[in-house]
Amino acid sequence: MSLGRRGGLVALLAPAVVFIVFLFIYPFLYGLVLSFSDPSGSFTLANYERFFGDWWERRTIWVTLWISLPVTVASVALAVPFAYYMRRGIRGEKVITFFLIVPITLGTVLVSEGMLTYMGPTGWLNQLLMAIGVVAKPVRFTHNYWGVAISLLIQGFPFSFLMLLGYISGISPDLERASQMLGASRIQTFLRVTFPLMVPGIAISFCLSFVAAFSVFPSAVLLGEPSGPTRVISISAYHWAFEEFNFNVASAISIVMAAIELLVISGVLVWRNRMYRGASIVGKG
Amino acid sequence: MKDFSRFTISEVTKRFGERTALAGLSLELRRGEFVTFLGPSGCGKSTALGCIAGLVPITSGKISIDDECIDDGRTKVPPERREFGMVFQNYALFPHLSVANNVAFGLKLRKLAKEAVAQRVDAALKLVHLDGYADKFPAQMSGGEQQRVAIARCIVLEPRLLMLDEPLSNLDAKLRIEMRYELKALHERLHVTTIYVTHDQQEALALSDRIVVMQTGRVQQIGTPEEVYASPANLFVADFMGFKNIWTGRVESARESGDGIEYSVALDGFTLKVRGAYREGDRRRAAIMRRLNDRREVWTAIRPEDVQLGGQGDNVVRAKVVQVEYQGQVSQVTAVAGRDTRIDLRPSAPVASGGTIEVRIPPEKVLVFADGEAG
């Protein structure tokens, strides 16, 4: 390769490299350095000690996992049958997809506001439940764990569903037909062919949904009890950054968040590799 | 291999809304027979295969094996319980399973003992010359190898019927001929009743016991390769079987002679003499004579290979060479005779483009069709 051509290639790569360095690598390394520094700039582990030494801060990890893991599992578990059912396209698919996308486009704040009214103690949902006699007193759906979980599910499910649908509709329908011709019933075909082929898609959609749920902030504040039961880890980071103005501790908390997310993602990928060892190419050989 | 004595497909029809994809397919399969559905894309041959497999619900008609009703449009045996094997055009191997597990897929569903499964998988892989590939994954194999796995995966179950949907169309030319040879060898060894779908007449002729030629959902002809090749039932079949020279003309005279009919047909610029061999008493002979009396417009057809370069006797025509395509042993030559009659021929002697040649059209090699029917 001539020098001129190589120069051209480097020039083509430059925008992407600059983008990644300035928007991802630099802020990340900056945060990492901050988390290991004291305000004067010298190395210290005190920021981490501060977080892990205080049970009130430490418990935000469990609080966050306790919300985000079940929500992610539920939204992916719900998305699998929906995506499977709609894999060849069904009538009214566009309408269904439209209603699923709406919560994503509206944004967390608007959905939370809607939920506060609709699911509040005097909201329609409770009035309906009481009218048909399911419950005697209004059920608390908001300002607690359930408020946050429901709002995350409303936003997380469409996301997992759309990702999985894209994945599953890429699986050649001939594979299911082949399985059938070899003597497999519908359920056997799903268990032995379709589901294993969906595993990589499920893994990816789980990871992305989990990361989104784990960094929950607005709905934990608006729909939960941010002072206690739903004091998630991002609230803790916010607290240290903008109420205590201690960016070092806040950075340490962010790094802890990243580490936990990385841990969960690794776990999911190990599961994926155990379930699916074939090539990632699906369909045509 | 499961035995049957009568496999009957009668009047099977499939409509998709207004469109009839398959119109009244009737066929009786003999045990161990190799039958090919041949036709251009969209002719209904894949639909026919889907209907027989049970993957496509039929609109009407009946499929039965001996006294067992497989499908009559209302009640049907689901595909997974028909015990038919299907090799798909794209092979449809399970990408997440090793070769051995792909082949073992059906056996495991039948809850066979582990040793029995392993033994039969080994035997099947040996049969398709893939011993040693058991632990590979489909994505690590070539198209031809994947094809063999797909075949092994079917025959390991000893199906009552083996169906192959354009199995060679994704392979390159050389491999296609090799696999064709192997398919034939395999069939001769196992004698499994086979339905083979293709658009390639060479494949159909080389492999089949019988060929079902189809177009727009309708069967055009059912016959042995020799029958379909030498006496196509109509103009469509003739065209598909390589009668590339098709000319319309007007019958000027027709008379019965000892063992056939002699016509002369006025083409665009020259007169073509035709001798059809129909023995006395041949029903077709009477039918043709009758038809010629009320309809004089006919189609004549001859293969490029049968057109001779030079020669004496009847039907010697001067023609201008417009294109020469060198193909090794022979050349593909296109010439124009009369006012605008295109003649394709395959001479082995060299021909110069732009020159004038004399070609002879042997009268006994010309087929005549009136109304698209054989004559």
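Counting restarts for each chain: residues are numbered from 1 in the order of the written sequence. Labels are handed out in written order, letters beginning with A for the chains and numbers beginning with 1 for the ligands. In view of the model being predicted, local features appear only for residues whose pLDDT reaches at least 70, and side-chain atom pairs are presented and counted only at 80 or more, with totals across whole chains, interfaces and linings using the full set of residues. Think of the side-chain values as coming from all heavy atoms in the structure, minus any hydrogens and water.

Enquirer: Could you clarify how one ought to interpret the sheet that holds strand E1 (residues 7-16) of chain B in this entry?
Expert: The strands making up a sheet associate through backbone hydrogen bonding, with each pair oriented either parallel or antiparallel. Residue and element names in this part refer to chain B. Two strands pair if DSSP finds at least two bridges between them. Elements are defined by DSSP. Helices are runs of H or I of four residues or more, strands are runs of E of two residues or more, and each kind is numbered from the N terminus. The antiparallel open sheet is built from four strands, whose spatial order is E2-E1-E4-E5. What marks the edges here is a single partner per strand, and that holds for strand E2 (19-29) and strand E5 (68-71). For this sheet, the mean angle separating the axes of adjacent strands, direction not counted, is 25°. By the bridge criterion, seven bridges tie E1 to E2 in an arrangement that is antiparallel. The residue of E2 that forms the bridge with valine 12 is leucine 25. Where helices are involved, their axes are fitted lines through C-alpha atoms of the stretch in contact, as for all axes, and angles between N-to-C directions lie from 0 to 180°.

Enquirer: What is the right way to look at the packing of aromatic side chains in this model?
Expert: Aromatic rings considered in pairs are described by the distance between their centres and by the relative angle of their planes. Aromatic rings from Phe, Tyr and Trp, with only the six-membered ring used for Trp, were paired whenever their centres fell within 6.5 Å, and each pair was classed as stacked if the ring planes differed by under 30 degrees, edge-to-face if by over 60, and tilted otherwise. Evaluated as defined, the whole model comprises 25 aromatic pairs over all chains. Residues Phe190(A) and Phe195(A) carry aromatic rings whose centres are separated by 5.9 Å and whose planes lie at 50° to one another, so their mutual orientation is tilted. Note on Phe210(A) and Phe214(A): the rings are 5.4 Å apart at their centroids and 35° apart in plane angle, and the pair reads as tilted. Taken together, the residues span about one helical turn, with Phe210(A) and Phe214(A) both in helix H9 (residues 186-214) at a distance of four residues. Partly exposed describes any residue whose relative accessible area lies between the buried limit of under 20% and the exposed limit of over 50%, with all areas from a 1.4 Å probe on protein chains only and scaled to the type maximum. A relative accessible area of 0% places Phe214(A) in the buried class. Feature note: the residues Phe217(A), Tyr238(A), Phe242(A) and Phe247(A) constitute an aromatic cluster, connected by ring pairs. The cationic tip of Lys14(B) hangs over the ring face of Phe16(B); the distance from NZ or CZ to the ring centre is 4.9 Å. Two conditions define a charge sitting above a ring: the NZ of Lys or the CZ of Arg must be within 6 Å of the ring centre, and it must be within 35 degrees of the ring normal.

Enquirer: Could you clarify how one ought to interpret the side chain of Arg153(B) in this entry?
Expert: Inspection of the secondary structure puts Arg153(B) in helix H4 (residues 143-155). It turns out Arg153(B) is buried and unbridged, and the closest side chain with the opposite charge, Asp174(A), is 9.1 Å from it. One polar contact links the side chain of Arg153(B) to the main-chain carbonyl oxygen of Ala92(B), over a distance of 2.9 Å. The contact criterion used is simple: two residues touch if any of their non-hydrogen atoms lie within 4.5 Å. Excluding residues that lie within four positions of it along the chain, Arg153(B) makes contacts with Ala178(A), Leu182(A), Tyr91(B), Ala92(B), Leu93(B), Phe94(B), Asn102(B) and Val103(B). Charge counting follows a simple rule: Lys and Arg are positive, Asp and Glu are negative, and His as well as the terminal groups are ignored. Salt bridges, as used here, are contacts in which a Lys or Arg side-chain nitrogen is within 4 Å of a carboxyl oxygen on Asp or Glu. In protein, a polar contact means a hydrogen-donor-capable atom and an acceptor-capable atom, both N or O and within 3.5 Å, with residues adjacent in sequence counting only if both atoms are side-chain atoms; elsewhere, any N or O pair within 3.5 Å suffices.

Enquirer: Whenever I open this one, the side chain of Ser331(B) confuses me. Can you help?
Expert: Here Ser331(B) shows up in strand E17 (residues 331-337). The contact partners of Ser331(B), leaving out residues within four places of it in the chain, are Val324(B), Glu325(B), Tyr326(B), Leu345(B), Arg346(B) and Pro347(B).

Enquirer: Sorry if this is basic, but what is going on with the confidence of the model for chain A here?
Expert: Any region with low pLDDT has predicted coordinates that should not be read closely. All names here are of chain A. Mean pLDDT over chain A works out to 89, with 95% of the residues at or above the 70 mark. The element-level mean pLDDT for chain A is lowest in helix H4 (residues 93-106), coming to 85, with helix H8 (residues 173-181) highest at 95. A residue's pLDDT is the predictor's confidence in that residue, given on a scale from 0 to 100. Long-range and interchain partners of residues 280-285, a stretch whose pLDDT sits below 50, account for 14 contacts in this model, where long-range means more than four residues apart.

Enquirer: Quick question: what am I supposed to make of the sheet that holds strand E16 (residues 316-326) of chain B here?
Expert: All names here are of chain B. The antiparallel open sheet is built from five strands, whose spatial order is E15-E19-E16-E17-E18. Here the strands that pair on one side only, and so sit at the sheet edges, are strand E15 (308-309) and strand E18 (341-345). Relative to E18, E17 is paired through five bridges, and the arrangement is antiparallel. Following the sheet pairing, alanine 335 is matched in E18 by isoleucine 343.

Enquirer: In this structure, what is going on with helix H6 (residues 124-131) of chain A? I would like to understand it.
Expert: All names here are of chain A. Buried within H6 are the following residues: Leu125, Asn126 and Leu129. Viewed along the axis of H6, the buried residues span an arc of 95°, placing them on a single side of the element. Looking at H6, the residues exposed on the side facing more than 90 degrees away from the buried face are Trp124 and Ala131. Tucked into the core, H6 has its buried residues touching helix H5 (108-118). Residue glycine 133 follows H6 closely and has a positive phi angle near 80°. The arc in question is formed by the directions pointing from the helix axis toward the C-beta atoms.

Enquirer: Even after reading the chapter, I still don't get the pairing of strand E7 (residues 161-165) of chain B, so can you show me in this structure?
Expert: Looking along a regular strand, one sees the side chains alternate between the two faces of the sheet. Residue and element names in this part refer to chain B. Burial runs high along E7: five of the five residues are buried. Neither face of E7 is left uncovered, since the one carrying Leu161, Met163 and Asp165 and the one carrying Leu162 and Leu164 both have all their residues buried. With four bridges connecting them, strand E6 (residues 84-87) and E7 associate as parallel partners. Along E7, the bridge assignment pairs methionine 86 with methionine 163. In this structure, E7 lies alongside strand E8 (residues 194-198), joined through four bridges in parallel fashion. By the bridge assignment, leucine 162 is partnered in E8 with threonine 194.

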